[in-house]
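So you can see what is in the structure, the chains are spelled out below.
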Amino acid sequence: MNRQNDSVHEKAILVGCQLPRQNDERFFYSMEELKSLTKTANGTVCAVVSQKRERYDSATFIGKGKVEEIIALEEELEADLIIFNSELSPSQVRNLSNHFNARIIDRTQLILDIFAQRAKTREGKLQVELAQLEYLLPRLSGIGVTLSRLGGGIGTRGPGETKLEKDRRHIRFRIHELKQQINQVVNHRERYRERRKHQGAFQAALVGYTNAGKSTIFNKLAEADSYEEDKLFATLDPLTRKVKLKSGFQMLLTDTVGFIQDLPTSLIAAFRSTLEEAAEANLLIHVIDGSSEDRSQHEKTVSRILNDLKASHIPMLTVYNKKDQFGGHFIPENPSISISALSENDISALLSAIEKEVVKQLTFYQIDVPAHDGKLLSRLRSETIMLEQEFNKEKQLYECKGYAHSSSSIDSIGNRGE
Ligand SMILES: Nc1nc2c(ncn2[C@@H]2O[C@H](COP(=O)(O)OP(=O)(O)OP(=O)(O)O)[C@@H](O)[C@H]2O)c(=O)[nH]1
């Protein structure tokens, strides 16, 4: 399993600059999120500095006075890192590096670093490396010149603990290579996705703000071995598993990447194809950390991203998770359920709630199955929700009734009707 450099806790000063177009609430939330991202990357926040300006300073992002203030803080607190809450231009990084001993990184690099640490599947790793290199390339000013003392620590790590390449020629070659490999993997996944569609499987996807508890719920529902941890972004790749509902009906469940505000564009591009998978689901299971103070902000972020993905029309079950920490007293959206993913009873209630939503989308069928056709019977049991199965001794057949997914490939379900 892929872990951070647990022993190293770099000390970071966070820097934000609020422009007139950003209201106080949004700016505050974004700084809070930066703190949480820093902790996720195994950094320790030792100071937070912010400034209001009409526009960013083209040379140093923040004003001269603030630069002086941070120089003093850096010395006093012995900071290793200064993290800026916006994307810095290559020249801003260069200019700032002249003022500080600590390494300078921006929000994008921080997020890329976290994604690099937590990518699990081959595709996720390739995509994160590509996003990192595309970010890095314009920021190198010549062969072998490094970006803000590239070499170790937050912002410089590649997927699977490899060091980021720093030579322009190598980077270009690697970008080319990565694009080819990603194409292959994506094509392979597309074929797999088409096959699943063709088979008419019912597909559900877990979506939600990062750290809401998606992987935990996914594991409990699918009894799969996914990676969960109390840090942001434990899920970077969509993982798809079979989930058996109480009736025996099997659906596919996909776990998706955690959503955050202002995901860097390079990463949106990298994960677009994987997020598109969620956009094709029959049912979205939106997991919300009900115990978080930023709950409503998180919900807004997720709705916005779903909207961008053109997935807002998909039926949704809202799950307020971590009930053990908030008491479950919401009068929330419909349909919804409050649970603690850590409680077996609640997981069982969640399965029933999911089943209720699934049934809404299924079609009633009635079919006679010859007694000797055990194969069809067993398929009906797992691929549909069978309500009745009566044996007609005279005709030597089973009279079955139930609900099936409308695009089910069980072609023998001919005589549907309500
Ligand atoms: N107290 C409590 N903790 C929970 C519950 N569900 C999940 N957690 C914890 O919350 C943390 C985050 O859970 P994950 O399942 O990794 O969250 P995620 O939504 O997959 O996160 P990303 O992959 O970062 O998007 C873990 O430490 C879980 O153990 C719950 O119901 N109650």
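Here the residue index of a chain counts from 1 through its sequence in written order. Selection of residues for local features in this predicted model requires a pLDDT of at least 70, selection of side-chain atom pairs for listing and counting requires 80 or more, and totals for whole chains, interfaces and linings are taken over all residues.

1. Quick notes on the overall build of the chain
At step 1: Helices and strands together make up the secondary structure of the chain, namely 12 helices and 13 strands.
At step 2: Taking all 418 residues of the chain together, 39% fall into the buried category.
At step 3: Two residues qualify as being in contact provided that their C-beta atoms, derived from the backbone, are within 7 Å of each other. A separation threshold of at least 6 residues defines the contact pool for the chain, and within that pool the share at least 24 residues apart is 69%. Strands here are runs of E lasting at least two residues and helices are runs of H or I lasting at least four, both read from the DSSP assignment and numbered beginning at the N terminus. Comment: burial labels come from other C-beta atoms within 10 Å of the residue's own C-beta, placed from the backbone, where a count of 20 or more is buried, 12 or fewer is exposed, and between is partly exposed.

2. Re the sheet that holds strand β2 (residues 43-52)
At step 1: Pairing is parallel in the open sheet, where 4 strands are placed in the order β2-β1-β3-β4. Of all strands in the sheet, those bounded by a partner on one side alone are β2 and β4 (103-106). Taken pair by pair, the neighbouring strands of this sheet meet at an average axis angle of 25°, ignoring direction.
At step 2: The sheet contact formed by strand β1 (residues 10-18) and strand β3 (residues 81-84) spans 4 bridges and is parallel. Across the sheet, Leu14 pairs through a bridge with Ile83, a residue of β3.
At step 3: Only the stretch in contact is used when a helix axis is fitted, and all axes are lines through C-alpha atoms; the angle between N-to-C directions ranges over 0 to 180 degrees. With respect to the sheet, helix α2 (residues 64-77) is in contact with β1, β2 and β3, its orientation differing from that of β2 by roughly 165°. For two strands to pair, DSSP has to find at least two bridges joining them.

3. Quick look at the packing of helix α4 (residues 107-118) against helix α5 (residues 122-136)
At step 1: Across the interface, α4 lies against α5 with an axial gap of 9 Å and an inter-helix angle of 155°. With respect to each other, α4 and α5 are oriented roughly antiparallel. The handedness of the crossing between α4 and α5 is left-handed. On α5, the residues touching Thr108, Gln109, Leu112, Phe115 and Ala116 of α4 are Val128, Ala131, Gln132 and Tyr135. Note on angle classes: values under 35 degrees are labelled roughly parallel, values over 145 roughly antiparallel, values of 65 to 115 roughly perpendicular, and the remainder oblique. The crossing is said to be left-handed when, going from far helix to near helix, the turn is anticlockwise and less than a right angle, and right-handed when the turn is clockwise.

4. So, the pairing of β3
At step 1: The alternating pattern of β3 places Leu81 and Ile83 and Ile82 and Phe84 on opposite faces, both of which are buried.
At step 2: In the sheet, β3 pairs with β4 via 4 bridges, with the strands oriented parallel. Opposite Ile82, over in β4, you have Ile104 as the bridge partner.
At step 3: The path from the first strand over the helix to the second decides the hand: if it runs clockwise while the strands point away from the viewer, the crossover is right-handed. Note on the crossover from β3 through helix α3 (residues 90-99) to β4: the handedness is right-handed.

5. Regarding the environment of Gly65
At step 1: With respect to the helices and strands, the residue Gly65 is situated in helix α2.
At step 2: Measuring from C-alpha to C-alpha, the distance between Gly65 and Gly153 comes to 28 Å, with 88 residues separating the pair along the chain.

6. Overview of the sheet that holds strand β7 (residues 250-255)
At step 1: Strand order in the open sheet formed by 6 strands is β6-β7-β5-β8-β9-β10, with mixed pairing between adjacent strands. Strands at the two margins of the open sheet, each flanked by one partner only, are β6 (239-244) and β10 (336-338). Taken over all neighbouring pairs, the strand axes of this sheet differ in orientation by 25° on average, direction set aside.
At step 2: Pairing of strand β5 (residues 203-208) with β7 involves 4 bridges; the strand directions are parallel.

7. A short note on the domain arrangement of the chain
At step 1: Either an automatic procedure or a domain database provided the assignment from which the domain bounds are taken. Along its sequence, the chain is carved into domain 1 (10-111), domain 2 (117-182), domain 3 (201-359) and domain 4 (361-405).
At step 2: Breaking the side of domain 1 that touches domain 2 down by element, the ones donating at least two residues are α3, β4 and α4.
At step 3: Residues were grouped as follows: Ala, Val, Leu, Ile, Met, Phe, Trp, Tyr, Cys and Pro as nonpolar; Asp, Glu, Lys and Arg as charged; and all remaining residues, including Gly, as polar. Its residues assigned to classes, the side of domain 1 that touches domain 2 comprises 7 nonpolar, 4 polar and 3 charged.

8. Here we look at the nonpolar core
In globular proteins that are soluble, nonpolar side chains generally tend to be buried together.
At step 1: Under the definition applied here, buried Ala, Val, Leu, Ile, Met, Phe, Trp, Tyr and Cys residues are grouped into a nonpolar core through C-beta atoms within 7 Å. Core analysis: the biggest nonpolar cluster contains 85 residues, and Ile82, Ile83, Ile285 and Val319 have the highest contact counts within it.
At step 2: Leaving out residues up to four positions away in the same chain, Ile83 has contacts with Ala12, Leu14, Val15, Leu34, Thr38, Ile105 and Leu110.

9. Digging into unusual backbone geometry
At step 1: Residues other than glycine seldom take positive phi values, yet Asn42 does so here, at roughly 70°.
At step 2: With respect to the helices and strands, Asn42 occurs in the loop between α1 (24-40) and β2.
At step 3: Judged by local crowding, Asn42 falls into the buried class, with 20 C-beta atoms found within 10 Å.
At step 4: Its identity as a non-glycine residue notwithstanding, Phe61 has a phi of 70°, on the positive side.
At step 5: Locating Phe61 in the fold gives a position in the loop between β2 and α2.

10. Overview of the pairing of strand β13 (residues 397-405)
At step 1: Where strand β11 (residues 362-370) and β13 come together, 9 bridges link them in antiparallel fashion. Within β13, the position partnered with Tyr365 by the bridge is Gly402.
At step 2: In terms of strand pairing, strand β12 (residues 384-392) meets β13 through 8 bridges, oriented antiparallel. Of the residues in β13, the one forming a bridge with Phe391 is Tyr398.
At step 3: Linking β12 back to β13 in an antiparallel pair, the connection comprises 4 residues, with Gln396 at a positive phi of about 55°.

11. A few points about the confidence of the model for the chain
At step 1: Per-residue confidence for the chain gives a mean pLDDT of 82, with 84% of residues at or over 70.
At step 2: pLDDT expresses how confident the predictor is about each individual residue, on a scale running from 0 to 100. Within the model, pLDDT remains below 50 along residues 1-6, and this stretch shows 8 contacts once partners closer than five positions in the same chain are excluded.
At step 3: The low-confidence segment residues 142-150 (pLDDT under 50) makes 19 contacts with residues lying over four places distant or belonging to another chain.
At step 4: For this predicted complex, the interface score ipTM comes out at 0.98, while the overall pTM is 0.78.

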